[in-house]
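Architecture at a glance
Here are the chains, one letter per residue:
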Amino acid sequence: MRIALAVLRRDRRSQIATVLVALGVMIAVSLVLWLVAAPNGLQARSDRTVWREVFGQQGNGAISVSSNLDSYGGTLIQRFDVARTRPGDVPVADGIARFPEPGEVLLSPALADLVRSTAPEKLGNRFPGRQIAELGPEALKYPGELVAIIGHAEVPDGYPAPDLRGGTGAYHNDYESMLTLLTRVGLVVLVVPCLVLVASAARLTATKRERRLAALRLAGASPRQVVVMTAVETAIGAVLGSVLGVVLARPFSHVTSAIPWEGGTWFPGDFVPSPAVVAAVALLAPVLVVGAAIMGLRRVVDQPLAAEQKRTVRPWRLLAIAGGLVVFFLGVTLAGQVRGDHQFTVVLLGLGAVALALVLAGPVVTSWVGRFFVGRWRGPSTLLAGRRLTGNPVAAFRGSAGVVIAVFTGSMALTMLPGLESQVPFRDPTWREDAIVAEQVKHDLTSLRLATSAPIVTMLEGRVGDEGHSTYAIVGDCQDVAKVMTGLTCRPGPAVYSSSPLPSTRFESMDHETALPAQYETRPFDGGGRVSVVIDRQLLPAVAGEVSMVGVPTTAENRETVHTALIGTLPGVRLVDGEQLDLYSDTLVADLERATVIGLSIAAVLGGIGAAVAAAGSVIDRRRTFAALIAAGTPIRVLAHALRREVMIPVFAVTLAACGAGIVVGLGLLTVARGVVGHGEMPITPWVVTPVGVGVVVALVAALACGPVLRGINPRDYAAE
């Protein structure tokens, strides 16, 4: 131990290596704590909004609740219409002052400010009544969320619930599950570049250390003494880096809380991992670093005279890729059969296995590429690089490992992104873009007619057919329905508009069952949405006057006013508004793109730093060799070109395999995501190969780090050593 401390006090290169180990561990610990805190953030949001999960609760139905999505000015509003179904106290969740009685309203602070600054006919009239309180942060998903709870005497077609406290707080949202999957994928694929960075820093003076330890072994030092010396040298930087990583994790979490998801940012305490997780990561990081350093001493401990021998790799390492893919696709299969928190565990194990397999197989490909260039090229720079790749492929590939994982991550992400975007909610093309349609209408429409002068289209929804086969249909006056429905072209006279012959003449709505006449005219209709049949009311006189849907065509000037009139006079109805669905879809797509950019940027930066540290370390390790070459007359320009080729050639060769593996794994993860959400496509775009080019550029920039170190070598260093 005293020798190890003496080396750290007097050897400048060992001091630099220790500092770099500390920085690498600090980055790794901070990044891991950030990623493992993401599920905590989701759970914190879920705990605050569990009162909204009234569906599926077991209870006596003391209240009736209708939950709807509203919007104003390009911002989504969560609206809850509530009513008592029997007298008595109604328990409420934290952040809700009390259950609102008829004519009372609770608004979130941001929505209350917006209502006060907006004309009532555009927004305020949607929440009729007296505001009794503001919702506290304990009841909001994120700061600035727009939420309203409106009390009524009754809520037609509301859902019965025992109270406003909600259920268990589990993840009910498929897209929260998608974010959980993405954060865990990020945890796996970003930790590997962190480990590469730490390993590159730890190996910065590895060759010199091995020579020193081998000399000590030959001088009589025991294996235990050699191991303790290495552990002490490595542990100082690793422990210091772990402590700094834990200290920086908290301010880093505050920066992370400013990243929006689902329309808003996070509360500062959301991205804080549990103390047990912090302690586990803080202890495990130094243990892994020290363990990796000790594992690298096997040759020095067992065969000190072989420390300088040529190192070879076995081709069996290539089988690791096949094994990793097998484990991954086994996890994909199991994920389709398992539900709950452990649904993605085997998938993530397989993903990690594939990433590590690429790192294991990289030296084999590096060795093969080196042999190819040695056998076919005669340029001095390429020959020197080829000799290095062949002589020590593990060390030559070490600097490329982070870039290879970054390319793997990029190809996987760019394979997944178009598919994930296709899985977000899409706009229903049934209705015209300028129309707003209210569904589940059981109200008297007199108040609506008084609140707006816009034309009101009344419709009745139902199904045509028998129990074995039926088609969704709308009953209404064709000329009126065409004002709100796409693809409907009417002609005089009653008729059925359908894209195909009806399965039968039987029509069934929620409250009535009747039949079409024996003879009727069928006209073509292809709206491209979920409605495939439109029936003129004159053909079904038995349901004349029945209404279950109301549509209103709007203009840019009166859209908000019409929206407010529908919400204010028909409480509890579900509005189908293309703008709302577009807002929700655009928000989720922006979230996915933002997560992809952040993840790829981190992977690229970590890979580039790891490659730069490894490239500089390779020069330091071979300082005596380069000094001898310079003393023999080799131009520094030739050596610089050789060093760049050492970095570039393995990267270009292995990143092609990494790109292919990323595409395969991305398709597998899309299968899992589609199983979570229930729909979506799996397209592949030409962008999936761009990480290869980016990886080569990053490796080239990292290789330039060799220049200053190489120019600092003096031929006299050869004599000094």
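Residues numbered from 1 in each chain as written. Predicted model: local features only at pLDDT ≥ 70, side-chain atom pairs only at ≥ 80, totals over all residues. Heavy atoms only, no water.

1. Some words on the nonpolar core
Among the nonpolar cores identified, the biggest contains 74 residues, and Phe328, Leu351, Phe408, Met412, Val665, Leu669 and Leu710 are the most heavily contacted of them. For Met412, the contacting residues outside a window of four places in its chain are Val185, Val189, Leu351, Gly662, Val665, Gly666 and Leu669. Among the nonpolar cores identified, the runner-up in size contains 21 residues, and Trp431, Ala435, Val437 and Val457 belong to it. (Core = buried A, V, L, I, M, F, W, Y, C linked by side-chain atoms within 4.5 Å. Buried < 20%, exposed > 50% of the residue type's maximum accessible area, 1.4 Å probe, protein only. Contact = heavy atoms within 4.5 Å.)

2. Observations regarding the packing of aromatic side chains
One pass over the full model with this rule turns up three aromatic pairs. Ring centres of Trp51 and Phe80 lie 5.0 Å apart, and the angle between their planes is 55°; on these two criteria the pair is classed as tilted. Note that Trp51 is positioned in the loop between helix H2 (12–48) and strand E1 (63–72) and Phe80 in strand E2 (residues 75–84), a separation of 29 residues in sequence. Given the relative accessible area of 1%, Trp51 is considered buried. (Phe/Tyr/Trp six-rings, centres within 6.5 Å; stacked < 30°, edge-to-face > 60°. Helix = DSSP H or I, 4+ residues; strand = E, 2+ residues; numbered from the N terminus.)

3. Examining the pairing of strand E9 (residues 470–476)
Regular strands place side chains that alternate from one sheet face to the opposite one. Most of E9 is tucked away, with six of its seven residues classed as buried. Here strand E8 (residues 457–465) runs beside E9; their pairing, made up of six bridges, is antiparallel. Bridge pairing in E9 places Gly465 opposite Ser470. (Pairing = 2+ DSSP bridges.)

4. A look at the state of the cysteines
According to the stated counting rule, one finds one disulfide in the structure shown. In this model, Cys478 is linked to Cys490 through a disulfide, with the two sulfur atoms separated by 1.8 Å. Across the S-S bond of Cys478 and Cys490 the torsion is about -90°, and the bridge reads as left-handed. Taken together, the positions of Cys478 in helix H14 (residues 478–481) and Cys490 in the loop between H14 and strand E10 (496–498) put the pair twelve residues apart, joining distant regions of the chain. Judged by its relative accessible area of 4%, Cys478 falls in the buried class. On the accessibility criterion, Cys490 (17% relative accessible area) is buried. (Disulfide = S-S within 2.5 Å.)

5. Comments concerning the packing of helix H6 (residues 223–256) against helix H7 (residues 275–295)
Contact geometry for H6 and H7: axes closest at 8 Å, N-to-C directions at 150°. Comparing their axes, H7 and H6 come out roughly antiparallel. In this structure, H6 meets H7 at a crossing whose hand is right-handed. Note on element contacts: H7 touches H6 through Val278, Ala282, Pro286, Val289, Val290, Ala293 and Ile294, opposite Val227, Thr230, Ala231, Thr234, Ala235, Ala238, Val239, Ser242 and Val246. (Axes fitted to C-alpha atoms, helices over the stretch in contact; angles between N-to-C directions. Parallel < 35°, antiparallel > 145°, perpendicular 65-115°, else oblique. Left-handed = near helix turned anticlockwise from the far one by under 90°.)

6. Considering the pattern of salt bridges
Counting across every chain of the model gives 22 salt bridges. Linking Glu439 and Arg574 is a salt bridge whose minimum nitrogen-to-oxygen distance equals 2.6 Å. Taken together, the residues Glu439 in strand E7 (residues 435–439) and Arg574 in strand E16 (residues 574–577) connect sequence positions 135 residues apart. According to the relative accessible area criterion, Glu439 is buried, its value standing at 7%. When its relative accessible area of 39% is taken as the criterion, Arg574 is described as partly exposed. In this structure, the salt-bridge partner of Arg491 is Glu521, at a minimum N-O distance of 3.9 Å. In this pair, Arg491 is assigned in the loop between H14 and E10 and Glu521 in the loop between strand E12 (513–515) and strand E13 (522–524), connecting sequence segments 30 residues apart. Residue classification places Arg491 among the partly exposed positions, given a relative accessible area of 45%. Classification of Glu521 by relative accessible area gives partly exposed; the value is 38%. (Salt bridge = Lys/Arg side-chain N within 4 Å of Asp/Glu carboxyl O.)

7. Some thoughts on unusual backbone geometry
You will see that Glu262, though not glycine, has its phi angle at about 60°, which is positive. Note on placement: Glu262 falls in the loop between H6 and H7. Glu262 gets classed as buried once you look at its relative accessible area, which sits at 10%. One non-glycine residue with positive phi stands out, namely Gln440, at about 60°.

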